[in-house]
Amino acid sequence: MEDDLTPRRARMFVNALFYAFLIVLCGGLGVIVYLTADAAADAAASNAPRDQQRYLSYVSLVALTLLALCLIVLLWTVARRVRRHLAHRRLPPTEYVNAWEVAGKRYQVSPDDVIDFEMEHGQLDKPEDEPEDEDEQTGEKQ
């Protein structure tokens, strides 16, 4: 069995890697938030220097912001995937409409246009009261 990497399978593989990366990133950021918030609380309880407490609080805040952003991106991609899956329901095929036939039914031809067309194409004899045209230069009948 050959391992064909069709575009659909490749897209599924890349999506799976992307979701796995986002989940691992969210987990890592969650651990960083927990550890730094815990360390900041311990530093405040043990009367550590004020700079150390601020540093731990800022690191925790940045990690929390990145975690929120990562979760928003993860939820957006999952919602987009679900929406696309639900939107691709099979619809019944559309009914074939012969546009030429419909246009022919709508178009109204006046009787004068029909007679002129038939006379030009030899489908109708010319009326007897009209003389045939003669070529002015040669005098021959057309």
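Here the structure is a predicted model, which means the values were calculated and not measured. (Residues numbered from 1 in each chain as written. Predicted model: local features only at pLDDT ≥ 70, side-chain atom pairs only at ≥ 80, totals over all residues. Heavy atoms only, no water.)

Enquirer: Even after reading the chapter, I still don't get the overall build of the protein, so can you show me in this structure?
Expert: Across its full length, the protein carries four helices and zero strands. When the helices and strands of the protein are read in sequence order from the N terminus, they spell out α-α-α-α. Here the protein holds 142 residues, and 11% of them are scored as buried. If you take every contact in the protein between residues at least 6 apart in sequence, the share linking residues at least 24 apart comes to 53%. Of the roughly 13,100 Å² that the protein leaves accessible, carbon and sulfur atoms contribute 59%. (Helix = DSSP H or I, 4+ residues; strand = E, 2+ residues; numbered from the N terminus. Buried < 20%, exposed > 50% of the residue type's maximum accessible area, 1.4 Å probe, protein only. Contact = heavy atoms within 4.5 Å. Areas by Shrake-Rupley, 256 points an atom, 1.4 Å probe, with all protein chains shown as cover.)

Enquirer: Just to check I follow, could you spell out the packing of aromatic side chains for this structure?
Expert: Ring pairs (aromatic) are described by centroid distance and by the angle formed between their planes. Per the counting criterion, the structure on display carries one aromatic pair. Here Phe18 and Tyr19 contribute two aromatic rings whose centre-to-centre distance is 6.3 Å and whose plane-to-plane angle is 50 degrees, an arrangement assigned as tilted. (Phe/Tyr/Trp six-rings, centres within 6.5 Å; stacked < 30°, edge-to-face > 60°.)

Enquirer: What is the right way to read the pattern of salt bridges from this model?
Expert: Oppositely charged side chains are able to pair whenever their charged atoms sit close together. Summed over the entire model, instances satisfying the criterion amount to one salt bridge. Glu101 is paired through a salt bridge with Lys105; the nearest N and O atoms lie 3.3 Å apart. Here Glu101 pairs with Lys105, and both are found in helix H3 (residues 99-106), just four residues apart, close to one helical turn. (Salt bridge = Lys/Arg side-chain N within 4 Å of Asp/Glu carboxyl O.)

Enquirer: Is there a simple way to explain the environment of Ser57 in this structure?
Expert: Structurally, the position occupied by Ser57 is in helix H2 (residues 50-87). The class for Ser57 is partly exposed, based on a relative accessible area of 37%. Put simply, Ser57 and Thr36 are 21 residues apart on the chain and 7.1 Å apart in space, counted from C-alpha to C-alpha. For Ser57, the side chain forms a polar contact with the main-chain oxygen of Gln53, separated by 2.9 Å. (Polar contact = N/O pair within 3.5 Å; in protein donor to acceptor, adjacent residues only side chain to side chain.)

Enquirer: Sorry if this is basic, but what is going on with a nonpolar patch on the surface here?
Expert: Where nonpolar side chains cluster on the molecular surface, the patch consists of Phe18, Val62, Leu66, Leu69 and Val73 and spans about 410 Å² of accessible area. The element contributing the most residues to the nonpolar patch is H2, with four residues. Position of Leu69 relative to the elements: it lies in helix H2. (Patch = residues over 30% accessible without salt bridge, like charges linked within 9 Å, V, L, I, M, F, W, Y side chains within 5 Å.)

Enquirer: What am I meant to see in helix H1 (residues 7-45) here?
Expert: An α-helix turns once every 3.6 residues. As a result, residues three or four positions apart point the same way. With 39 residues, H1 extends 57 Å between its outermost C-alpha atoms, agreeing within 8% with the 57 Å of an ideal straight helix rising 1.5 Å per residue. Where the residues of H1 are buried, they touch H2. Just downstream of H1, Asn47 is the residue with a positive phi angle, here 55 degrees. (Expected span 1.5 Å × (residues − 1).)

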